[in-house]
Amino acid sequence: MDSPEIFDRIARRRRRDRAAPNYAAHDFLRAAMLDGIAERLASVKREFRDVLDLGCFDGSFVPPPGASVTRIDAGAVFAEQAGGIQTDEDGLPFEPASFDLIVSAGVLDSVNDVPGALAQIRRALRPDGLFLGAFVGGQSLVQARAAFRETEADRPVARFHPMIDVRSAGDLLVRAGFALPVADGETLSVRYPDLFRLIADLRGMAASNLLRDRVPLTRAVLGAATQAFADRADPDGRVAERFELIFLTGWAPSPDQPKPARRGSATASLASALGR
């Protein structure tokens, strides 16, 4: 049985198309994700030949030297700009074992079927292939969420879509069948003069509300939320908004990978090691 879809796929594609022309003015979150992915990739001492950039945006991910890259984006404009393919991230059109490296920055948090997408990523990797992913995590937009909760306390409305936390991200990697899974997070703080500037950034990076059952934002609600957001400002008049970046690392299973020790195979007890 198919799980119910949370996000409006058509609206997601259209908003990515709308964001494409001025994306460079709002790409700071994805730039931070790509920096983190580059650091993790630099620690891997091996060559990659075939790379998939999943959710490519403007094609700013730079593949390892000598590798060929295939780019995919749900938005037609981003896909065309990057010379890639337009398709959703949970509907990959590739044969199993097509790539030895798959990178995804800034899209998995708005994919309808995240477990399915991760399972497809794992299948598209060759044995011992590497997946590096990053997306906005559950501890993000704390101030904006609080401002809208305060404004609509009597009639709560879902203004922000559900987000994945670090622990759940690690569980999803395990569920998808990745070996040696790792999920970790970093925090980025951005200081905003007002709520409108934050909303402009979210729209500019195609990260505004994509829920299928979203409720239109009225002027009255926006005005009250703007004041509630301003009430959280520091003495300099700016509000420090938080963005959590979650990074995923997983390997396609291979017989050559290290295996955890079999339960009960230890030759010394923990008590002995601690000197008890």
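No experiment lies behind these values; they were computed from the predicted model shown. (Residues numbered from 1 in each chain as written. Predicted model: local features only at pLDDT ≥ 70, side-chain atom pairs only at ≥ 80, totals over all residues. Heavy atoms only, no water.)

Student: Any chance you could explain the overall build of the protein here in plain terms?
Tutor: From N to C terminus, the protein includes 9 helices and 7 strands. Evaluated residue by residue, the protein yields a buried proportion of 46% over its 276 residues. For the protein, contacts bridging at least 24 residues in sequence account for 78% of all contacts bridging at least 6. By element, 52% of the accessible surface of the protein is carried by carbon and sulfur atoms, the whole surface being about 14500 Å². Where the 35 positive side-chain charges of the protein centre and where its 37 negative ones centre are 3 Å apart. (Helix = DSSP H or I, 4+ residues; strand = E, 2+ residues; numbered from the N terminus. Buried < 20%, exposed > 50% of the residue type's maximum accessible area, 1.4 Å probe, protein only. Contact = heavy atoms within 4.5 Å. Areas by Shrake-Rupley, 256 points an atom, 1.4 Å probe, with all protein chains shown as cover. Lys, Arg positive; Asp, Glu negative; His and termini not counted. Charge placed at Lys NZ, Arg CZ, Asp CG, Glu CD.)

Student: Is there a simple way to think about the pattern of salt bridges in this case?
Tutor: Pairs may arise between side chains of opposite charge once their charged atoms sit close together. Throughout the structure, instances matching the rule amount to 20 salt bridges. One salt bridge connects Asp90 with Arg9, and the closest N-O pair in it is separated by 2.9 Å. Remark: Arg9 occurs in helix H1 (residues 9-19) and Asp90 occurs in the loop between strand S3 (85-86) and strand S4 (99-105); sequence separation between them is 81 residues. Judged by relative accessible area, which is 23%, Arg9 ranks as partly exposed. Put simply, Asp100 and Arg49 hold a salt bridge, and the shortest N to O gap is 3.8 Å. Of this pair, Asp100 sits in strand S4 while Arg49 sits in the loop between helix H2 (28-42) and strand S1 (50-54), and the two are 51 residues apart along the sequence. For Arg49, a relative accessible area of 54% translates into the label exposed. Through salt bridges that share partners, Glu5, Arg9, Arg13, Asp88 and Asp90 make up one connected network. (Salt bridge = Lys/Arg side-chain N within 4 Å of Asp/Glu carboxyl O.)

Student: Would you mind going over the environment of Leu202 with me for this structure?
Tutor: Tracing the backbone through its elements, the reader meets Leu202 in helix H7 (residues 195-204). When the C-alpha positions of Leu202 and Gly36 are compared, they lie 21 Å apart, and in sequence the two are 166 residues distant.

Student: For this particular structure, what's the right way to read the sheet that holds strand S7 (residues 239-251)?
Tutor: Two pairing modes exist for strands in a sheet, parallel and antiparallel, and in both the strands are linked by backbone hydrogen bonds. Strand order across the open sheet formed by 7 strands is S3-S2-S1-S4-S5-S7-S6, with mixed pairing between neighbours. Every other strand in the sheet has two partners, leaving S3 and strand S6 (179-192) as the edge strands with one partner each. In the sheet, S6 pairs with S7 via 12 bridges, with the strands oriented antiparallel. Residue pairing across strands places Thr187 opposite Glu244, the latter belonging to S7. Each of S1, S4, strand S5 (125-136) and S7 touches helix H4 (residues 114-124); the most contacted strand, S5, lies at about 145 degrees to it. (Pairing = 2+ DSSP bridges. Axes fitted to C-alpha atoms, helices over the stretch in contact; angles between N-to-C directions.)

Student: Any chance you could explain the packing of H7 against helix H8 (residues 219-230) here in plain terms?
Tutor: The packing of two helices is summarised by the inter-axis angle and the distance between the axes. The geometry of H7 relative to H8 is characterised by a closest axis approach of 9 Å and an angle of 110 degrees between their N-to-C directions. Considering their axes alone, H7 and H8 lie roughly perpendicular with respect to each other. Of H8, the residues touching H7 (which contributes Leu195, Phe196, Leu198 and Ile199) are Leu222, Ala225, Thr226 and Phe229. (Parallel < 35°, antiparallel > 145°, perpendicular 65-115°, else oblique.)

Student: Explain H4 here, please?
Tutor: Along an α-helix, a turn takes 3.6 residues, which lines up residues three or four apart on a common side. The buried fraction of H4 is high, at 8 of 11 residues. Listing the buried residues of H4 in full gives Val114, Gly116, Ala117, Leu118, Ala119, Gln120, Ile121 and Ala124. Against the buried residues of H4 lie S1, S4, S5, helix H6 (166-175) and S7. Its side-chain oxygen at 2.9 Å from the backbone nitrogen of Gly116, Asp113 defines the N-terminal cap of H4. (Polar contact = N/O pair within 3.5 Å; in protein donor to acceptor, adjacent residues only side chain to side chain.)

Student: How do you make sense of the packing of aromatic side chains when you look at a structure like this?
Tutor: Geometry of an aromatic ring pair is reported as the spacing of the ring centres plus the angle between the planes. According to the stated counting rule, one finds 7 aromatic pairs in the structure shown. What links up through ring pairs into an aromatic cluster is the set Tyr23, Phe57 and Phe78. Its guanidinium or amino end placed over the ring of Phe247, Arg40 lies 4.0 Å from that ring's centre, counting from NZ or CZ. (Phe/Tyr/Trp six-rings, centres within 6.5 Å; stacked < 30°, edge-to-face > 60°. Lys NZ or Arg CZ within 6 Å of the ring centre and 35° of its normal.)

These results come straight from atomic positions and should not be treated as a statement about function.
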